[in-house]
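Structure at a glance
Each chain is listed here by its residues.
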Amino acid sequence: MGSITPKKAVHFGAGNIGRGFVACFLHNSGYEVVFADVMAPLIDKLNAQPSYKVIEVGTEGTTENIITNYRAINSRTQEEDVINEIATADVVTCSVGPNILKFIAPVIAKGIDRRPSDAAPIAVIACENAIGATDTLAEHIKHPQNTPEHRLDDHHERARYANSAIDRIVPAQDPDAGLDVKLEKFYEWVVEKNPFEQHGVPSIEGINWVDNLAPFIERKLYTVNTGHATAAYHGYNRKKRTVYDALQDKIIQSEVQKALAETASLIVEKHAIDQDTQNFYVKKIVNRISNPHLEDAVERVGRAPLRKLSRKERFIGPAAELAERGKSFAALLEAAEMAFRFQNVEGDDESFELAKIMAESKPEEVVTQVCGLQPGDKVFSKVVEVVQRVQADAAED
């Protein structure tokens, strides 16, 4: 892919995934990384410190990467600088959370619009735990409020958008870690290559470029995220401290295995993935989330229950499809029930909001509002029953 300057990437979100996963890959591929974030202390620390470590932990030992050649900009107070960086960059990536995409879109839109006419299109890749996150970001960028309508005709000459699936467990970090990031050795970063056919894919080592991303996204979301969250929510309700602790409990281990057997049946049938291949993948995932080196508190993994109970997410998404196919989804509903019970958890705003919704709304209203389901959906009545149970227990308390 042609460059205007030596390779440069702008990455929104200088948190643990941004620094430890995405920026590490970009750095190792020869890019200068410009972090864009709104957390002033973090930005100051990045600009004051010329390097940080990415520490990969696993059963076979620990390895370290030293990350250098980066800068950081405050996208709230230095918008003009961010626009100019995007105008001269090769790649824009982000790991800000699906709900924040609409807030970073305006500045990205301005940066794309300012790109020189002779520059190759910038590659835009959202690295979020959500299906079609780059499509969502692109919709916000191309909205008339952010990109004038007359500029959309040749917008594709300035930017190309590719959805991606990322898979790497980044646990809570040590309080004194500073900028250093600890994460698991295993990773998967899959990106669709079709948008780059004309100019060639960006030269980023470690990406698996594929024609059809859907099987990879759903396999990851409905195995890794479903399994991780199932263990966390069951663990929280059984007073476990970490996901590792939860998975030492035979009852929780069984619940995780049952939920992943249900999602596996959907993945195998829907995407024509070999059953043995999926079974091996499930076994690998359970081993990964059981990693004792990743001290992951159940409250951290369970945070944001409203998002995790939404229509296209890890429980309701596969349960709804399995219901339509006439297949079993009982364990997924059990996990969803545990998520509905994740209320008023210190440090998690969504858990307080969930408690308020559950206290003030009828079961059918909760299912429509939180899960995005309608009465015509086959799974609707079953989820209503789950909500009724949780509300009845709360009334007794």
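In what follows, the accompanying structure is described. In this text, all values refer to a predicted model and were calculated from it rather than measured experimentally. (Residues numbered from 1 in each chain as written. Predicted model: local features only at pLDDT ≥ 70, side-chain atom pairs only at ≥ 80, totals over all residues. Heavy atoms only, no water.)

When its secondary structure is counted, the protein shows 16 helices and 12 strands. The C-alpha atoms of the protein give 21 Å as radius of gyration, which agrees with the globular expectation for 397 residues (21 Å, within 12%). Principal-axis analysis of the C-alpha atoms gives the protein an extent of 65 × 50 × 45 Å. Sequence separation of at least 24 residues holds for 71% of the intrachain contacts in the protein that already meet a minimum separation of 6. If you sum the accessible surface of the protein, you get close to 17,300 Å²; carbon and sulfur atoms cover 48% of it. Here the protein contributes 46 positively and 59 negatively charged side chains, and the mean placements of these two sets differ by 2 Å. (Helix = DSSP H or I, 4+ residues; strand = E, 2+ residues; numbered from the N terminus. Rg over C-alpha atoms; globule rule 2.2 N^0.38 Å. Contact = heavy atoms within 4.5 Å. Areas by Shrake-Rupley, 256 points an atom, 1.4 Å probe, with all protein chains shown as cover. Lys, Arg positive; Asp, Glu negative; His and termini not counted. Charge placed at Lys NZ, Arg CZ, Asp CG, Glu CD.)

All told, the structure shown has 10 aromatic pairs when counted by the stated rule. When the ring of F25 is compared with that of W189, the centres are 5.6 Å apart and the planes differ by 80 degrees; the resulting orientation is edge-to-face. Here W189 lies in strand β11 (residues 188–192) and F25 lies in helix α1 (residues 16–28), a separation of 164 residues in the sequence. For the residue pair F25 and W189, the accessibility class agrees, reading buried in each case. Their ring planes at 75 degrees and their centres at 5.3 Å tell us that Y233 and F342 sit as a pair that is edge-to-face. Within this pair, whereas Y233 is found in helix α6 (residues 214–237), its partner F342 is found in the loop between α13 (330–340) and α14 (349–360), the two being separated by 109 residues in sequence. You'll find Y233 and F342 in the same group, each marked buried. Aromatic rings pair up to connect F21, F25, Y187 and W189 into one cluster. The residue whose ring lies beneath R168 is F21, and the NZ or CZ to ring-centre distance is 5.5 Å. (Phe/Tyr/Trp six-rings, centres within 6.5 Å; stacked < 30°, edge-to-face > 60°. Buried < 20%, exposed > 50% of the residue type's maximum accessible area, 1.4 Å probe, protein only. Lys NZ or Arg CZ within 6 Å of the ring centre and 35° of its normal.)

What follows deals with the nonpolar core. Counting 42 residues, the largest nonpolar core has F315, F340 and V383 as the members making the most contacts within it. Those elements that place two or more of their residues in this core are α6, α8 (250–271), α12 (316–324), α13, α14, α15 (363–371) and α16 (380–396). Among the elements that make up this core, the one with the highest residue count is α13 (8 residues). Not counting chain neighbours up to four residues away, the residues in contact with F315 comprise T226, A229, T230, Y233, K308, L309, L332, A335, A336 and A339. (Core = buried A, V, L, I, M, F, W, Y, C linked by side-chain atoms within 4.5 Å.)

Here we take up the pattern of salt bridges. Tallied over the entire structure, the rule returns 27 salt bridges. K240 is the salt-bridge partner of D249, the closest N and O atoms lying 3.3 Å from each other. The salt bridge partner of R341 is E337, with a shortest N-O separation of 2.8 Å. Exposure remark for R341: the relative accessible area of 23% places this residue in the partly exposed category. (Salt bridge = Lys/Arg side-chain N within 4 Å of Asp/Glu carboxyl O.)

Here the focus is the sheet that holds strand β4 (residues 61–67). If you trace the 3 strands from one edge of the open sheet to the other, you get β4-β3-β10, paired in mixed fashion. The open sheet has two edge strands, β4 and β10 (181–184), and neither has a second partner. Averaged over neighbouring strand pairs, the angle between their axes works out to 25 degrees when direction is ignored. Bridge count for strand β3 (residues 52–58) against β4 is 7 bridges, and the pairing is antiparallel. What sits directly across from I55, in β4, is E64. (Pairing = 2+ DSSP bridges. Axes fitted to C-alpha atoms, helices over the stretch in contact; angles between N-to-C directions.)

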